[in-house]
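Notes for the structure review
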Amino acid sequence: MTPVWHPPVRQSPWNYPAFLSPNTIRVTLCGCWLLIVLILSAQSVDAAAPGSLAPVVILANRSPEVVEFTVAGTGGEPIVRKLAPLDFVALPVTGTVPLEFQSGAETRRYGLTPPGIYCFAIAGGERVDLTRIDLRAMDAPRQADRSQPGAVDRDKLSELSTIPIKIYVDDNEVTRREVWEPRLRKRIEAANEILKTSAGVQLKVIDADIWQSDNKVTDFELTLKEFERAVRPAPAALAIGFTSQYPVRLGRQKLGATRAPLHPYILLREYGPRISERERVEVLVHELGHYLGAAHSPEPDSVMRPTLGDDQVNLRRFRILFDPVNALAINLIAQQWRDRKVRALYQIDSPTRSALADVYRVLAEADPKDPAAAQYLRLLSETDFSTAARGAAVVVEGIAAADSKPPGATPLETSDQRANRYIRTAAAVAMRLPSESMVDSFLLGLAVGLGEPSAALHVQAGNQQSPVLAGRPTAHGQEIVLKRFVTAAALARMGGDSATEAAILARQVHQLRTGGHFSFAELTAELAGIRFASALGNGKMSLPMVVQRFSVDHFLPTLPEGFSSLSAADFAERYGSIYDPRFQSELERLRRELTNLPAYRG
C-alpha cells in the first residue's frame, strides 16, 4: 500500500500546544522546533553538496503517552522504537525518512527532513500527532521525496564515540587520591549514561592528576584562566578540573565554566557541604553540554537551564535531560566529531554551522537577558580557518629557521633525516601555540612549509609563503613523496579522512586520463598523511611524540621497486578501475601496512 504523506503540524517557535496534565507529568515549556538548512559549503573540503543538509533529526515525545513508531532503516529493514514521555532520540539519517505510528485507530505517516526537531504531542484533539516547529520563519516545509526516500543509518544509530579526557583536582582537595579519583570517575560514568543516550558519545578518563592553584586568586573566571595555563589536555581532547578553592554556598554563583563549544577546558567547583552528588552530576552534564554545543535553555526542567543548584535534581522523579533544541545542537557537533574528527569550532562544516546558528539565534531570542546563546552565535560567525593559518605562519617560520640554522645537523645528514628534523622542529614550535589550534597549525604549517605550491591545498599563512628550503628534504629519497604526505595530512585535518581519500584518488584518475601515470608511491604517501592526521586528531599520537619519535621510516611505508608507477594501459590491465575489487583489495592492503608501521603499533 502506498503511504499517505502528511505535512506535520507546524508551530511557531514559542506557541506550544497544551497537552500535559499537571496530574500526570510536570508541565514544561515545550520546545518543539524545526530547522531546515540549505547552504552551499564553500570553505570545507568535506562539505556537503549544494543544498545538502546536516543529516540528523531529533524526535521527541512531549505527549503524556508512550509512543511507538517505525522508521525506514538502511538495509531495507524497518526500525521500531518506543519513546516514553519527555524522552527523545537522535536519528542519523540519509535523507527524508518515512515514519509511521498509531494514533488511536489511525496509522499516521510522515516524512522527517533533516536537520530538524519533531515532537509527538496532543494537538488539536485528544490523539497524539506529530508537530514540527520552525526555528526561523521559512516557506512551507518541503514535501518528502517519495521516489527516493531516505533512511535512518542503522550503524550510526548504535555508534558510540569516545572523548578522551583528563581529570584534575587542585591542591585544595582535602581527600587522598585513592578517595577523590574513584569518586570523580564514578561521576564521569554517571554523566556518560546521559551522554550516551543523548548524543552517542562517552567520556574516557585517560589520566588523573593534581594541579597547583593560586589561593590568592578569588575570581572563578581567573582560576579558569590559571587552569588553562597550568594544564595541557593532549593527548586527551578535554581537561576537566575540580577546584575546592571555592566552596559552594547558598545563593546564585557560578558552579562551573567553559568558554565555548569544543573548548578543551572545563572547571567545576567541588567543595561544599550543601551540594549533593546528584547536583554535582547535573553541573558536570551542563558544562559538558556547553562543550558539545548546547546553550542555555528557557525550559525549567532542562539540564541547560541557566541556574542550577535549585534542588530540582534531588526530587525523586526528576531526570537529568537535555531539551530538544539543545539535543539537536549536541548531536550536530557529536556527528562532526565522529565523521570529520572536528576538534575546534572553526572546523565545523558549513551546513552544520548554519544549523547551529539558527539554534543559537532562537535561544538568544527566547531569553535576551541570558548571554550564552548570543555569545555562541558570535563565536560561530567569527571563528574561521584564519585561527589555524596564523599559527601555521609561526610553524613555517620555525621550519625556515631550522633550515638556516640547523641545530643538530651534520655534514652526513641525508635528505630523509633533514625531513625528520624539519618536522620535529615544526611540532616543537606548534606546542607553544594555543592547545585548541596547535595540531591544525602544525599540519597546515607543514603543508605550507614543505608542500608544493601547485598542490590542491595552498594556503598563505599571514605573509609567509612556502619557504625555499636549501636542504631539499625528502621521504624515501623522493621530494614528491614528502610533499604528498604533508599536503594530504593537512587536507585530512580540514576536510576529513574519507573526503581526502576520495580527492586523492580522483587526482590519480585525472593523471591517467591526461597521459600521466598512476603513482602508488604518491598514493601511499597520501594515505600515510591521512593516517598521521587522524592519529593526531584522535589523541593516539601527540605533538611531543612527534618531537621525540618522528622518522620517515616509521611513518611512511616503502614499496617494492617497479610497483610505484603504472601507465593507463598497465593500470587498466592490472586493476580495471579504482572501483574494481582488485584495486580495492590493494588499497586495503596499503591501509593494513600503515597500521603495522612502528609509529602506530599498539
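Cut-offs applied
- Residues numbered from 1 in each chain as written.
- Predicted model: local features only at pLDDT ≥ 70, side-chain atom pairs only at ≥ 80, totals over all residues.
- Heavy atoms only, no water.
- Helix = DSSP H or I, 4+ residues; strand = E, 2+ residues; numbered from the N terminus.
- Buried < 20%, exposed > 50% of the residue type's maximum accessible area, 1.4 Å probe, protein only.
- Axes fitted to C-alpha atoms, helices over the stretch in contact; angles between N-to-C directions.
- Left-handed = near helix turned anticlockwise from the far one by under 90°.
- Contact = heavy atoms within 4.5 Å.
- Nonpolar A, V, L, I, M, F, W, Y, C, P; charged D, E, K, R; others polar.
- Expected span 1.5 Å × (residues − 1).
- Pairing = 2+ DSSP bridges.

Counting its secondary structure elements, the protein contains 17 helices and 16 strands. Taken across its 602 residues, the protein has 57% of its residues classed as buried.

At their nearest, the axes of helix H9 (residues 415–430) and helix H10 (residues 438–450) sit 9 Å apart, and the two run at 145° to each other. Relative to H10, the crossing made by H9 is right-handed. When H9 is examined against H10, the residues Tyr 422, Ile 423, Ala 426, Ala 427 and Ala 430 are found in contact with a partner set consisting of Met 438, Phe 442, Leu 446 and Leu 450. Residue classes in the contact of H9 with H10 are distributed as nine nonpolar, no polar and no charged.

Looking now at helix H6 (residues 350–366). A rise of 1.5 Å per residue sets the reference length of H6, with its 17 residues, at 24 Å; its end C-alpha atoms lie 24 Å apart and thus fit the reference within 8%. For H6, the tally of buried residues reaches 14 of 17 residues, placing the bulk of the element in the interior.

Looking now at the sheet that holds strand E13 (residues 256–257). Taking strand neighbours across the sheet as the criterion, the five strands line up as E11-E10-E12-E14-E13 in an open arrangement whose pairing is mixed. Only two strands of the sheet have a single partner each, and these edge strands are strand E11 (201–211) and E13. By the bridge criterion, five bridges tie strand E10 (residues 161–170) to strand E12 (residues 238–243) in an arrangement that is parallel. Note that in E12 the partner of Ile 165 across the bridge is Leu 238. Most of the contacts of helix H2 (residues 177–199) go to E11, to which it runs at about 160°, and overall it touches E10, E11 and E12. Its contacts with the sheet place helix H4 (residues 277–291) against E10, E11, E12, E13 and strand E14 (265–269), and it is angled at close to 160° to E14.

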